[in-house]
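Now for the letters of each chain:
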Amino acid sequence: MDEQPVLVDLREGYRVLTLNRPQRLNAFTEAMHVALAAALRDAEADSSCRALLLTGAGRGFCAGQDLTDRIAAPGETPQLGGALEHHYNPLVRKLRALPFPVVAAVNGVAAGAGANVALACDIVLAARSASFVQAFARIGLVPDSGGTWFLPRLVGAARARALALLAEPVSAEQAAQWGLIWKVFDDAALMPEAEKLCAHFARAPTVGLALTKRALDAAETNDLSAQLDLERELQREAGATPDFAEGVRAFLEKRAPAFTGKRSR
Ligand code: T3D
């Protein structure tokens, strides 16, 4: 058993979570899911945490489900629905719903659920040597962890189908050109850039950003009229935060704002 399948590092205003099974390219086990879920809960419960950075130890980001846990005995039928219900789906829902930005620093290959967990993060950065593989088709599975939802929205129907049906790796450069991810950095620059981004978010108007995440997620299903109503409600909430008042004051006083990320006046 791995000592610590997820490493948690506390920084000023944000946390770094590192998937830590490098010998298996950080493939998910039950223990890793449990540790990651606990780390996400702790981050959410900490009011001083205003951003999260998710990365992988060693040369990979995450190779999806650890397939050594899926070797079926003769006559046994694997029950994969349970793993999705109890682990992968709650993980993706939690990443989307966290009330602060989540940055993925994809340091190497991201395959299967590992690729889609990265895509569930708010901003995806990747090392030039990284790649993204919808590996499911190679083993007879369906893209999960939101893959069938994220892919067409991010890269369009034609590319989504080819990626899902062929399971060909996409380089980090190609992923950025297609809009699958935000930016690519030289390998050595990835973590400094990702930490810089999180440090920026740690000083940002956190509540406004959390409400923006909610608005963008809801826009996937709302029609324009419903979305306008939602924007009105979320703007009411954002307008009541101390950070809005500070943002306006700072603008008028021609100085940098000192946002606190606090919820209400
Ligand atoms: O089951 C459920 O709960 C349902 C949910 C499923 C979600 C999923 O994620 S299904 C998809 C599972 N993942 C995969 O199918 C990917 C399998 N891995 C690969 O295709 C390749 O390893 C990569 C493309 C990711 C990287 O290739 P490469 O050549 O850079 O590395 P490698 O040599 O294949 O891997 C290095 C080691 O990691 C190797 O071990 P070894 O030989 O050095 O002892 C390899 O076996 C191990 N490894 C990589 N991925 C996995 C893994 N071990 C277990 N499970 C893995 N997913």
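Keep in mind the model is a prediction, meaning the values are calculated, not measured.

A.B. asks: Honestly, the site of the ligand in this entry has me stumped. Any pointers?
C.D. replies: As a matter of local geometry, the ligand sits amid 25 residues, with Arg-59, Gln-65, Leu-67, Arg-70 and Ala-113 nearest to it. Interatomic distance of 2.9 Å between a side-chain N/O atom of Arg-59 and an oxygen atom of the ligand. Ala-113 places a main-chain nitrogen or oxygen 2.9 Å from an oxygen atom of the ligand. Computed on the free molecule, the ligand has an accessible area of 1,000 Å², of which 67% lies beneath the protein chains in the complex. Put simply, the parts of the chain that give the shell around the ligand at least two residues each are helix H2 (80-97) and strand S6 (109-111). It is H2 that contributes the most residues to the shell around the ligand, four residues altogether. Looking at side-chain class alone, the shell around the ligand contains 15 nonpolar, four polar and six charged residues.

A.B. asks: Mind showing me how you'd approach the pairing of strand S7 (residues 123-127) here?
C.D. replies: When a strand is regular, its side chains alternate between the sheet's two faces. In terms of burial, S7 is largely enclosed, as five of its five residues are buried. Alternating residues of S7 divide into Ile-123, Leu-125 and Ala-127 and Val-124 and Ala-126, and every residue in both groups is buried. Pairing of strand S5 (residues 102-106) with S7 involves four bridges; the strand directions are parallel. Along S7, the bridge assignment pairs Ala-105 with Leu-125. Inspection of the sheet shows S7 paired to strand S10 (residues 183-185) by three bridges, in the parallel sense. Considered in S10, the bridge of Leu-125 is made with Lys-183.

A.B. asks: Looking at this structure, how should I read the sheet that holds S6?
C.D. replies: The strands making up a sheet are joined through hydrogen bonds of the backbone, oriented either antiparallel or parallel. Strand order in the open sheet formed by four strands is S4-S6-S8-S9, with mixed pairing between adjacent strands. Of all the strands in the sheet, the pair left with one neighbour each is strand S4 (60-62) and strand S9 (170-171). Alignment of S6 against strand S8 (residues 131-133), held across two bridges, turns out to be parallel. Across the sheet, the residue bridging to Ala-111 is Val-133, located in S8. Sheet contacts for helix H3 (residues 113-120): S4, S6 and S8; angle to S6, the most-contacted strand, approximately 100°.

The rules behind the values
Residues numbered from 1 in each chain as written. Predicted model: local features only at pLDDT ≥ 70, side-chain atom pairs only at ≥ 80, totals over all residues. Heavy atoms only, no water. Near = heavy atom within 4 Å. Polar contact = N/O pair within 3.5 Å; in protein donor to acceptor, adjacent residues only side chain to side chain. Areas by Shrake-Rupley, 256 points an atom, 1.4 Å probe, with all protein chains shown as cover. Helix = DSSP H or I, 4+ residues; strand = E, 2+ residues; numbered from the N terminus. Nonpolar A, V, L, I, M, F, W, Y, C, P; charged D, E, K, R; others polar. Buried < 20%, exposed > 50% of the residue type's maximum accessible area, 1.4 Å probe, protein only. Pairing = 2+ DSSP bridges. Contact = heavy atoms within 4.5 Å. Axes fitted to C-alpha atoms, helices over the stretch in contact; angles between N-to-C directions.

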